[in-house]
Amino acid sequence: SLKLLVRLSRHAGAHLAPHVPALAEALLRSLAELEDPTLSYYQLHAERLGGAQTSEALDSIRAAASALGPAGEALELCIAQLTAEAMPVLAPRLVELLRSGVGLPTRVG
């Protein structure tokens, strides 16, 4: 479960470092899947119903909600253990996620 992953990440400390690229990628991909579908529905219709400002405000709310959840917490723990050695492995994965990631939470995570 995601809660278990957060607990393990909290206590793993430096032992998490070699796994950060794979874990961060998996967590970022999961953000869109974990988002409440209602928010995505509202986003789809926000600009038509409330204008561009409403759409932008909803984007901000969706980004904040994904960051505050357990996957966002686990990502923060990954960032804390990110090393210079892991960056060459992580960077191409992040670029690919930005290109192919589905959903706002994945792209802003």
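Shown above is the structure to which this text applies.
Bear in mind that the values here come from a model prediction, so they are computed numbers and not experimental data.

How each quantity is defined
Residues numbered from 1 in each chain as written. Predicted model: local features only at pLDDT ≥ 70, side-chain atom pairs only at ≥ 80, totals over all residues. Heavy atoms only, no water. Helix = DSSP H or I, 4+ residues; strand = E, 2+ residues; numbered from the N terminus. Buried < 20%, exposed > 50% of the residue type's maximum accessible area, 1.4 Å probe, protein only. Contact = heavy atoms within 4.5 Å. Core = buried A, V, L, I, M, F, W, Y, C linked by side-chain atoms within 4.5 Å. Axes fitted to C-alpha atoms, helices over the stretch in contact; angles between N-to-C directions. Left-handed = near helix turned anticlockwise from the far one by under 90°. Expected span 1.5 Å × (residues − 1). Polar contact = N/O pair within 3.5 Å; in protein donor to acceptor, adjacent residues only side chain to side chain.

**Describing the side chain of Glu25**
Here is step 1 of the chain: Residue placement: Glu25 occurs in helix H2 (residues 20-34).
Here is step 2 of the chain: Classification of Glu25 by relative accessible area gives buried; the value is 19%.
Here is step 3 of the chain: If we skip the residues at most four places from it in the chain, Glu25 touches Arg93 and Leu97.

**Some details on the nonpolar core**
Here is step 1 of the chain: Counting residues in each nonpolar core, the largest one holds 14 residues, and the members touching the most others are Leu16, Leu23, Leu27, Leu28, Leu31, Leu75 and Cys78.
Here is step 2 of the chain: Elements represented by at least two residues in this core include exactly H2, helix H4 (70-80) and helix H5 (87-100).
Here is step 3 of the chain: In terms of residue count, the dominant contributor to this core is H2 (six residues).

**What to know about the packing of helix H1 (residues 2-12) against H2**
Here is step 1 of the chain: At their nearest, the axes of H1 and H2 sit 13 Å apart, and the two run at 145 degrees to each other. Here the hand of the crossing between H1 and H2 comes out left-handed. Every residue of H2 that contacts H1 at Leu2, Leu5 and Ser9 is listed here: Leu23, Leu27 and Leu34.

**Thoughts on H2**
Here is step 1 of the chain: End to end, H2 covers 20 Å across 15 residues, agreeing with the expected 21 Å (1.5 Å per residue, within 8%).
Here is step 2 of the chain: Of all the residues in H2, the buried ones are Val20, Pro21, Leu23, Ala24, Glu25, Leu27, Leu28, Ser30 and Leu31.

**Section: the side chain of Ser30**
Here is step 1 of the chain: Tracing the chain through its elements places Ser30 in helix H2.
Here is step 2 of the chain: Overall, Ser30 belongs to the buried group, its relative accessible area being 16%.
Here is step 3 of the chain: A polar atom in the side chain of Ser30 sits 2.7 Å from the backbone oxygen of Leu27.

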